[in-house]
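Letter by letter, the chains look like this.
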Amino acid sequence: MRLFAALFLACLLPFGVTAQERPNTILVMDGSGSMWGQIDGINKIVIAREVVSEILGEFPDDQNLGLTVYGHRTRGDCTDIETVVAPAMGTAGRIIETVNGINPRGKTPMTDAVIAAAEALRYTEEKATVVLVSDGIETCNPDPCAAARAMEQAGIDFTAHVIGFDVTEPEALRQMQCLADETGGTFITASNAAELTQALAVVVEPEPEPEPILVSGTFTAMLDDGSVIADPVIWDLFADSTPVVEGQMANPLTVDDLAEGSYRASAYYTTQETAQDALFTISGAGDISVTVTFETPLPTATISGPASAPQGATIEVDWTGPGGAGDYVAVGEIDGDPYVNYTYTEVGSPAALRMPPLPGQYELRYFTDGGELLASQPIEAMPVDVGLDLPATAEVGAMIDVGWTGPDYIDDYIAVTQPGSDTAITYAYTSISNPAVLTMPGEPGTYDVTYTLEQDNTVIYRASIEVTPVKADIAAPDTAVAGSTVMVGFDGPEYQNDYLAISAPDDPDGYVNYVYVREGNPAALIMPTEPGTYEIRYVMNQDRQIIGRKSIEVTEVTSQVVAPDTAIAGSDIPVGWIGPDYQNDFIAVSTPGEDTYVNYTYTREGNPLTLSMPTEPGTYEIRYYLNQDREIIARTSIEVTEVGATLSAAPSAVAGSTLPVTWTGPDYQNDFIAVSRLDDDGYENYVYTRGGDPAQLVMPTEPGAYEIRYFLNQDREVIARRAIEVTAVGASLDAPDEAPVGSTVTVAWDGPDYQNDFIAVGIPGDARNYVNYTYSRTGNPLELQMPVEPGDYEIRYYVNQDREIIASRPITVTPLKVELSAPDTGAVGEPVTVGYDGPDYQNDFIAVSVPSEDGYINYTYTRQGNPVTVDMPSEPGTYELRYYINQDRRIMVRVPIEVRELSVTVVAPPEGLAGETLIVGHDGPDYQNDYIGISRPGDTGYETYAYTRNGNPLEVRLPEEPGTYEVRYYMNQDRRVLGMTTIEVTKP
């Protein structure tokens, strides 16, 4: 009884909460007639009264508690539900009194009673708990589960605990269980004292105070590059302001038994003398990790160089440092440019570094790739000794000697500049010579001559020079014929690339023709083709400065062409001419009004010369062209008349046949007779007229309407044509319906047998290609070899011209069974006997191969007999014997064979005299051309040898040079050594 009471109390008092936190609770008591039933001889209502009295006698006064009873007033009434005591504090006495007065009599509306209690507790607004004590099945509400589910969904935090008295009916148990489960409550049955004790042990045991949550923390100090700090780190840890860890040195640091709360971790990075804090909170179970991040410290570096160095000089700088990719050592200004010059550290230490070009105070510096300065050292750039030795004056364009003193760094130069300017007009490198040879400017005036460092084109010395004018005199005739060559004398400076030019007076910079003065004095200058007044000028190459000029009158040239008044189109005519016959002058025939020409002949070809007329009739001009400027200096008119031709041939011809064509025509060089499609300006076939009359013309392979045409070679002009009908050509083939792969079949044929016609076997649908063929000229019938792959094919008659197929018939190529018989094993190099059952086509062969490779090592033709012998490879291992059809090297069958190693013993004396004969015995295979060789150790060759076929034992001459040698048995195949012994060769 007391255990049941404890259970009851457990349901009424939620564990682990304060009075203020406890929910309002209503006890729902079963007052139905079934409560008069007994447990262990005692009425259940009596047990309930005693339990309630015992419980509520100890019930806390600060707990809100009420009482709802059902089935206690009337019989058979499902609405007999009453909240007798409303939930409030201090109601225990009233509830005890009420329960003691209950006399069970009615039905069991337990679900509606729970609903009524929940509504009394305002369960949709506040946290509420109902404890139901019942002994039987729901007799009113059809679905307790649905009602419980609805209350759970509607409630703020609604819970129903259910205690069953002596409940055994399965449906009643299901209802009570569901009512508790749907609301998150507890369902417990009590049918006897033992079970009640066991059930109460689960819920009555007071819930212990929760253990405090303690976790472990790992504290790590890291750099911002993601690496853990390897140097010492000192940690302090505070819970709020209370120290937890003080002055512990570790990284990472692990601290156990940390309670929930707010913390501050402080890490001190000893080598960098800096600290960082991290704030964190522990809430709930689970170990924590705290990271404190420091900036990655700059690496250390040193830099060392001289205290001073000449300006622009290259010095060696020693350095230590990280030497990272992109790190560099530099020389920079104190308060300006951080680096004037630099060198990457990847070149090593010392590094070659160039000093700035200007004197002054600087610093040597070590920089990381990111630009951080790690080390520095002051250095002074000292002035260098510099000077120039040059004349006070020089002529325009003259080349003068300038002596110089200076550092002569790479690509330093001596320059001419405008006064005060650093920009060179002309220059000469100091590395070339001293004195330097310097060209003066093309304009007279005052200039500077400078010594300039290549670095930043820095001028470190300058001297003044006066550039004076220069002139040239020209000697030439006053007149000259247009296009002629005039000899011009001159008196001028003759600087490199100076030239004489002839120009129009109103063209200040250009010229018509020119000649370099280096070509000689006088110089040959070609006159313009247009008559008029011109100037001969001496032009200084530098700046194209004109320093001399002379006027000359260019007169018209006399010329004439003489030719017939008419000529036949395409014919060659003689043309006489009068003219200067300058180089590459030519006579041409042209259309009047056009600048171009149709045909031409150089005047150097003779007088008169031969000129080809156009192929189109009409009026033309014969012209004399000066090659210079294509100037026309003479012309005469000529009428070109039409040229005639005739063609005579049969009105029709068989496709691909050769047709005789009778013709008349001019028979100019490379004229030809052709057959063409009606809508095509080109041609299918042709024959030159120089081949004779009649011309033998091959017809196209395609039947249809064509034209036979006479073509003038010049311009492909057609001057005669006649129609011809090309009729189809027929052919037939007779061959077997099938044949084995690779076999040769007999093919009878009927066809035109044109030159190079052929019979072929090909794959259906691929008309342009074929596998094998035989020319029809070989005979009728002819022999045709079948493909090596089985399948359906076509035998075809091809007209060689255009590869036109004019007949075909199908043939099936059938598989061919081939067998090999051979031993399973053989020794290296051994000739193995192989029998075969195969076609023995021409050049078929049996080979031994590596299984995974396409090629072969050794082979024997099947024509050698049956069986054949095949030499095994020189290396042991697994191989294949294969039957190859020679056509396409097709493998018809494979048989594995194992090649075993072969060991040979060589017997010879341990020593012998140089140059003497050595007697050698062996137990080797004595394959063809095997031999005994005397070799130096480590040498793949041999000094002397003797074939094993000479006997056993055999004689081998020893080398003339004393020393240690090896006597080797060589298998001739691959020169493989199968056995050896050592011999000492001594002096005689």
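Residues numbered from 1 in each chain as written. Predicted model: local features only at pLDDT ≥ 70, side-chain atom pairs only at ≥ 80, totals over all residues. Heavy atoms only, no water.

The protein goes by von Willebrand factor type A domain protein in an unreviewed UniProt entry, where it is assigned to Roseisalinus antarcticus.

**Considerations on the overall build of the protein**
Stated precisely, the cut-off is as follows: A run of H or I in DSSP counts as a helix once it spans at least four residues, and a run of E counts as a strand once it spans at least two, with each numbered from the N terminus. Our radius of gyration is a C-alpha quantity, and the globule rule it is checked against amounts to 2.2 Å times the number of residues to the power 0.38. Exposure categories follow from relative accessible area, calculated using a 1.4 Å probe and restricted to protein chains: below 20% of the type maximum is buried, above 50% is exposed, and the middle band is partly exposed. Areas reported here follow the Shrake-Rupley algorithm with a probe of radius 1.4 Å; residue values treat only the protein chains shown as occluding. For the purpose of counting charges, residues Lys and Arg are taken to be positive, whereas Asp and Glu are taken to be negative. His and the chain ends are not included. Throughout, a charge is located at the NZ atom of Lys, the CZ atom of Arg, the CG atom of Asp or the CD atom of Glu.
When you go through the protein residue by residue, the secondary structure sums to seven helices and 79 strands. Taken over the C-alpha trace, the protein has a radius of gyration of 61 Å; the compact-globule value for 988 residues is 30 Å, which it surpasses by more than 25%. On the principal axes, the C-alpha backbone points of the protein span a range of 160 × 105 × 100 Å. In the protein, buried positions account for 45% of the 988 residues. With an accessible surface of roughly 47,500 Å², the protein has 46% of that area assigned to carbon and sulfur atoms. Across the protein, the 52 positively charged side chains and the 147 negatively charged ones have centroids separated by 8 Å.

**Details of the environment of Thr619**
Definition in use: Residues are treated as being in contact if the distance between any of their heavy atoms lies within 4.5 Å. Nitrogen and oxygen atoms within 3.5 Å of one another constitute a polar contact, given that in protein one can donate a hydrogen and the other can accept it, and given that sequence-neighbouring residues count only through two side-chain atoms.
Within the secondary structure, Thr619 is located in strand S46 (residues 618-626). The exposure class of Thr619 is partly exposed, given its relative accessible area of 42%. Apart from residues no more than four positions distant in its own chain, Thr619 is found in contact with Pro592, Ser637, Ile638 and Glu639. A distance of 2.7 Å separates the side chain of Thr619 from the side chain of Glu639, its partner in a polar contact.

**Considering the pattern of salt bridges**
To keep things clear, this is the line we draw: A pair is scored as a salt bridge if a Lys or Arg side-chain nitrogen falls within 4 Å of a carboxyl oxygen belonging to Asp or Glu.
For the structure shown, the criterion picks out 30 salt bridges. The salt bridge involving Glu621 is made with Arg623; its shortest N-O contact spans 2.8 Å. Judged by its relative accessible area of 15%, Glu621 is buried. Judged by its relative accessible area of 1%, Arg623 is buried. The partner of Glu819 in a salt bridge is Lys817, and the shortest N-O contact between them spans 3.3 Å.

**Here's the deal with the packing of helix H4 (residues 110-120) against helix H5 (residues 144-154)**
In plain terms, the rule: Under this scheme, a helix contributes an axis fitted over its contacting stretch, all axes are lines through C-alpha atoms, and angles between N-to-C directions fall in the 0 to 180 degree range. Any angle between 65 and 115 degrees counts as roughly perpendicular, while under 35 counts as roughly parallel, over 145 as roughly antiparallel, and the rest as oblique. Each crossing gets its hand from how the near helix is turned against the far one by less than a right angle, where anticlockwise is left-handed and clockwise is right-handed. Each residue gets one label: Ala, Val, Leu, Ile, Met, Phe, Trp, Tyr, Cys and Pro are nonpolar, Asp, Glu, Lys and Arg are charged, and the others, such as Gly, are polar.
The geometry of H4 relative to H5 is characterised by a closest axis approach of 10 Å and an angle of 15° between their N-to-C directions. The angle between H4 and H5 places the two elements in the roughly parallel class. Handedness of the crossing formed by H4 with H5: left-handed. Taking contact as the criterion, the partners of Thr111, Val114, Ile115 and Ala118 in H4 are, on H5, Pro144, Ala147 and Met151. Each residue belonging to the contact of H4 with H5 can be placed in one class, and the counts come to six nonpolar, one polar and no charged.

**Topic: the packing of H5 against helix H6 (residues 170-183)**
Close contact between H5 and H6 brings their axes to 8 Å; oriented N to C, the two are set at 10°. In terms of axis orientation, H5 runs roughly parallel to H6. For the pair H5 and H6, the crossing hand works out as right-handed. Along its contact with H5, which presents Pro144, Cys145, Ala148, Arg149 and Glu152, the element H6 presents Arg174, Gln175, Cys178, Leu179, Glu182 and Thr183. Residue classes in the contact of H5 with H6 are distributed as five nonpolar, two polar and four charged.

**Describing the sheet that holds strand S39 (residues 545-555)**
The test is simple: Strands qualify as paired when DSSP identifies two bridges or more between them.
Ordered in space as S33-S39-S38-S35-S36, the five strands form an open sheet in which the pairing is mixed. Strands with a single pairing partner mark the edges of an open sheet, and in this sheet they are strand S33 (479-481) and strand S36 (513-516). Adjacent strand axes in the sheet meet at a mean angle of 30° when their direction is disregarded. Relative to strand S38 (residues 532-540), strand S35 (residues 499-503) runs antiparallel, the two being bridged by five bridges. Looking across to S38, one finds that Ala501 is bridged to Arg537.

**Digging into the state of the cysteines**
Definition in use: Only a pair of cysteine sulfur atoms within 2.5 Å qualifies as a disulfide here.
Overall, the coordinates contain two disulfides when judged by the stated rule. The disulfide bridge from Cys78 ends at Cys140, spanning 2.0 Å between sulfur atoms. Taking the sign of the S-S torsion, about -85° here, the bridge from Cys78 to Cys140 comes out left-handed. Remark: Cys140 occurs in the loop between strand S6 (127-134) and H5 and Cys78 occurs in the loop between strand S4 (64-70) and strand S5 (81-89); sequence separation between them is 62 residues. Cys78 gets classed as partly exposed once you look at its relative accessible area, which sits at 28%. Disulfide pairing places Cys145 opposite Cys178 at an S-S distance of 1.7 Å. Here Cys178 lies in helix H6 and Cys145 lies in helix H5, a separation of 33 residues in the sequence.

**Structural notes on the pairing of strand S18 (residues 314-320)**
Of the two faces of S18, only the one carrying Ile315, Val317 and Trp319 is buried; Thr314, Glu316, Asp318 and Thr320 on the other face are not. With three bridges joining them, strand S16 (residues 302-304) and S18 adopt antiparallel strand pairing. In the sheet register, Ser304 faces S18, and the bridge partner there is Asp318. As paired elements, S18 and strand S21 (residues 351-354) share four bridges and run antiparallel to each other. Note that in S21 the partner of Ile315 across the bridge is Leu353.

**Let's talk about unusual backbone geometry**
In this structure, the amide linkage connecting Asn434 to the following residue, Pro435, adopts the cis form with an omega of 10°. The residue Pro435 is located in the loop between strand S28 (424-429) and strand S29 (436-439) in this model. The peptide bond linking Asn607 to Pro608 adopts the cis configuration, its omega dihedral lying at 0°. Among the secondary structure elements, Pro608 is positioned in the loop between strand S44 (599-602) and strand S45 (609-612). With phi around 55°, Glu273 is a residue other than glycine that occupies positive phi space. Relative to the assigned elements, Glu273 resides in the loop between strand S13 (261-269) and strand S14 (274-282). Owing to a relative accessible area of 64%, Glu273 belongs among the exposed residues under this scheme. The phi angle at Arg889 is positive, at roughly 50°, despite the residue not being glycine. Mapped onto the elements of the fold, Arg889 is located in the loop between strand S70 (877-885) and strand S71 (890-900).

**A word on H6**
Filter applied, for reference: Multiplying one less than the number of residues by 1.5 Å gives the expected span of a helix.
The end-to-end C-alpha distance of H6 is 20 Å, a good match for the 20 Å that 14 residues give at a rise of 1.5 Å each. Taken as a whole, H6 has its buried residues at Ala172, Gln175, Met176, Cys178, Leu179, Ala180 and Thr183. Where H6 terminates, the next one or two residues include Gly184, which has phi positive at roughly 80°.

**Looking at the sheet that holds strand S22 (residues 360-367)**
Taking strand neighbours across the sheet as the criterion, the five strands line up as S17-S23-S22-S19-S20 in an open arrangement whose pairing is mixed. One side of each edge strand has no neighbouring strand; the edge strands of this open sheet are strand S17 (308-310) and strand S20 (341-344). Averaged over all neighbouring strand pairs, the angle between strand axes comes to 30°, with direction disregarded. In the sheet, strand S19 (residues 328-333) pairs with S20 via four bridges, with the strands oriented antiparallel. Bridged to Ala330 within S20 is Tyr342.

**A look at the packing of aromatic side chains**
Spelled out, the test is: Within 6.5 Å between ring centres, the rings of Phe, Tyr and Trp (the latter by its six-membered ring) count as paired, and their orientation is classed by plane angle as stacked under 30 degrees, edge-to-face over 60, tilted in between. Only Lys NZ and Arg CZ are tested; either one counts as a charge over a ring when it is within 6 Å of the ring centre and within 35 degrees of the ring normal.
In this structure the tally under the stated criterion is 60 aromatic pairs. Consider the rings of Trp319 and Tyr366, whose centres lie 5.8 Å apart with planes at 55°: the pair is tilted. With a gap of 47 residues between them, Trp319 in strand S18 and Tyr366 in strand S22 connect regions that are remote in the sequence. Here Trp319 and Tyr366 have matching classes, each one buried. A ring pair is formed by Phe758 and Tyr775, whose centres lie 6.5 Å apart and whose planes are at 85°; its orientation type is edge-to-face. Of this pair, Phe758 sits in strand S59 (residues 758-762) while Tyr775 is found in strand S60 (residues 772-775), placing the two residues 17 residues apart along the sequence. Among the residues examined, Phe758 registers a relative accessible area of 2% and is labelled buried. Residue class for Tyr775 comes out partly exposed when judged on its relative accessible area of 26%. Cluster of aromatic residues (ring-pair linked, three or more members): Tyr328, Tyr339, Tyr342, Tyr344 and Phe367. Just above the ring of Tyr516 sits the side chain of Arg518; from NZ or CZ to the centre is 4.0 Å.

**Notes on helix H3 (residues 92-100)**
To be explicit about the condition: The arc in question is traced by the directions running from the helix axis to the C-beta atoms.
Residues Ala92, Ile95, Ile96 and Val99 constitute the buried set of H3. The buried side chains of H3 occupy one side of the element, clustering within an arc of 100° when seen end-on.

**So, the pairing of strand S52 (residues 685-688)**
Only one face of S52 is covered, namely the face carrying Asn685 and Val687; the face carrying Tyr686 and Tyr688 is uncovered. Of the strand pairs in this sheet, strand S51 (residues 672-677) and S52 are connected by four bridges, and their pairing is antiparallel. Bridged to Phe672 within S52 is Tyr688.

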